[in-house]
Amino acid sequence: MRAKPALLSPLSSDKSCFTNRSYGRITIVARGMTGLKPLRWIASSKDDLSAMPREVRRDVGYALYVAQQGDKDADAKVLTGFGGAGVIEVIARHDGDTFRAVYTVRFAGVVYVLHAFQKKAKRGIATPRKEIELIRKHLKLAERDHKQLTAIGEAP
């Protein structure tokens, strides 16, 4: 596992420039967090990610933070079969197990976390068909949510 860069500078004594962002059980504290895209969790994705090992949550959380900044983490790759580069998969390994989280940046100004799961199939590296179907369903829910936010003027 590669080391993630520190979000807080140990040399800074001025705490007024730090911002807290709470995402349920996850709070990210960082310098200059204005301008980050908000995270929106679809279905049970937040609870599913919360149930994963701490190291996996850290790696996926960092990849989501990078997505909020408008970039793509080195551990993230485009999930094929979704018509473009708008659906991204983060792969994290821990104790011989593989965990995956899928998010989309397809909608302006927001990052939707669509699904988080442990890959259990032992053959191949492909995402199981059952999981792909669930991701498609959650992508439709995200699209519906974004349309509603846009209609009432709350979309970022």
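This text goes with the structure placed above it.
Residues numbered from 1 in each chain as written. Predicted model: local features only at pLDDT ≥ 70, side-chain atom pairs only at ≥ 80, totals over all residues. Heavy atoms only, no water.

Trainee: Pulling in residues and values, what's your account of the pairing of strand E7 (residues 111-119)?
Mentor: Judged by how many residues are buried, E7 sits mostly within the fold: eight of nine residues are covered. Sheet topology places strand E3 (residues 39-41) next to E7; three bridges connect them, and they run parallel. Looking at E7, one finds that Trp41 is bridged to Val113. Of the strand pairs in this sheet, strand E6 (residues 97-104) and E7 are connected by seven bridges, and their pairing is antiparallel. Following the sheet pairing, Thr104 is matched in E7 by Tyr112. (Buried < 20%, exposed > 50% of the residue type's maximum accessible area, 1.4 Å probe, protein only. Helix = DSSP H or I, 4+ residues; strand = E, 2+ residues; numbered from the N terminus. Pairing = 2+ DSSP bridges.)

Trainee: Please provide a residue-by-residue account of the packing of aromatic side chains, values included.
Mentor: According to the stated counting rule, one finds two aromatic pairs in the structure shown. Measuring from ring centre to ring centre gives 6.3 Å for Tyr62 and Tyr65, while their planes differ by 45°; the resulting arrangement is tilted. Separated by three residues within a single helix, Tyr62 and Tyr65 lie in helix H2 (residues 54-68), roughly one turn from each other. Ring plane angle 85° and centroid distance 5.6 Å describe the contact between Phe107 and Tyr112, whose orientation is recorded as edge-to-face. Tyr112 shares its class with Phe107; the two are buried. When the ring centre of Phe82 is taken as reference, the NZ or CZ atom of Arg136 above it lies at 4.6 Å. (Phe/Tyr/Trp six-rings, centres within 6.5 Å; stacked < 30°, edge-to-face > 60°. Lys NZ or Arg CZ within 6 Å of the ring centre and 35° of its normal.)

Trainee: Describe the environment of Asp97, naming the residues involved and giving the relevant values.
Mentor: Checked against the element boundaries, Asp97 lands in strand E6. The exposure class of Asp97 is partly exposed, given its relative accessible area of 27%. For the pair Asp97 and Lys119, spaced 22 residues apart in the sequence, the C-alpha separation amounts to 7.5 Å.

Trainee: Mind laying out helix H3 (residues 129-151), listing which residues take part and the relevant values?
Mentor: For the α-helix, the turn length of 3.6 residues means that residues three or four positions removed from each other point alike. Over its 23 residues, H3 extends 33 Å from the first C-alpha to the last, a length consistent with the 33 Å expected when each residue adds 1.5 Å. As for H3, its buried residues are in contact with E3, strand E5 (87-94), E6 and E7. Downstream of H3 by one or two residues, Gly153 has phi in the positive range, about 80°. (Expected span 1.5 Å × (residues − 1). Contact = heavy atoms within 4.5 Å.)

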